[in-house]
Amino acid sequence: KNCENKGLVCAGHHAGGIVGFACADTLVINCVNNGEISGSRDYNKKYNTSEWNNYGGIAGGNNGLILQCVNYGTINGVVNNGGICGYNRQGMIDG
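Residues numbered from 1 in each chain as written. Predicted model: local features only at pLDDT ≥ 70, side-chain atom pairs only at ≥ 80, totals over all residues. Heavy atoms only, no water.

Enquirer: Could you clarify how one ought to interpret the sheet that holds strand β7 (residues 37–39) in this entry?
Expert: Hydrogen bonds between backbone atoms are what pair the strands of a sheet, whose relative direction is either parallel or antiparallel. Read from one edge to the other, the open sheet built from three strands follows the order β2-β7-β12, with strand pairing classed as parallel. In the strand order of this sheet, the two ends are held by β2 (9–11) and β12 (75–76), each with one partner. For β7 and β12, the ladder comprises two bridges, and the chain directions are parallel. Note that in β12 the partner of S38 across the bridge is N76. (Pairing = 2+ DSSP bridges. Helix = DSSP H or I, 4+ residues; strand = E, 2+ residues; numbered from the N terminus.)

Enquirer: Would you mind going over the sheet that holds strand β14 (residues 85–88) with me for this structure?
Expert: If you walk across this open sheet you meet the three strands as β4-β9-β14, and the pairing is parallel. The outermost strands of the open sheet, each flanked by one partner alone, are β4 (19–22) and β14. Geometrically, the sheet is characterised by an average inter-axis angle of 10° between neighbouring strands, direction not taken into account. With three bridges joining them, β4 and strand β9 (residues 59–62) adopt parallel strand pairing. Paired with F21 across the two strands is G61, which belongs to β9. (Axes fitted to C-alpha atoms, helices over the stretch in contact; angles between N-to-C directions.)

Enquirer: Help me understand the nonpolar core in this model?
Expert: Soluble globular proteins tend to bury their nonpolar side chains together. Judged by nonpolar contacts, V19, A22, V28, C31, I58, A59, I66 and C69 together constitute the single largest core of eight residues. Excluding residues that lie within four positions of it along the chain, I66 makes contacts with V28, I58, A59, I84, M92, I93 and D94. (Core = buried A, V, L, I, M, F, W, Y, C linked by side-chain atoms within 4.5 Å. Buried < 20%, exposed > 50% of the residue type's maximum accessible area, 1.4 Å probe, protein only. Contact = heavy atoms within 4.5 Å.)

Enquirer: Could you clarify how one ought to interpret unusual backbone geometry in this entry?
Expert: Glycine aside, a negative phi is what most residues show, and trans is what most peptide bonds show. A positive phi angle, close to 60°, is found at N2, a residue other than glycine. Among the secondary structure elements, N2 is positioned in the segment before β1 (4–5). Accessibility expressed as a relative area gives 49% for N2, which makes it partly exposed. Here N80, not a glycine, exhibits a phi torsion of approximately 60°, which is positive. Here N80 lies in strand β13 (residues 79–82).

Okay, here's the thing in structure tokens:
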């Protein structure tokens, strides 16, 4: 609740300014991302993958509840990218 990211987040999968992946009981409320979210070539090399999946300003992936959050940062990925959430599986995003 009430979190802000101003830095670079660099990962290979499920990268977000506030949370990588929000599980079912997770509440993310009134958060702001001002940082860049980007894929990592080192991660992809280590795990032998070429895809940069699920990047979002607030959450890379979501099964939880994201409320009243905003993203001002840049998202750099290949598959499933979004300003608030890269991949919303069974979660809810509002306002």
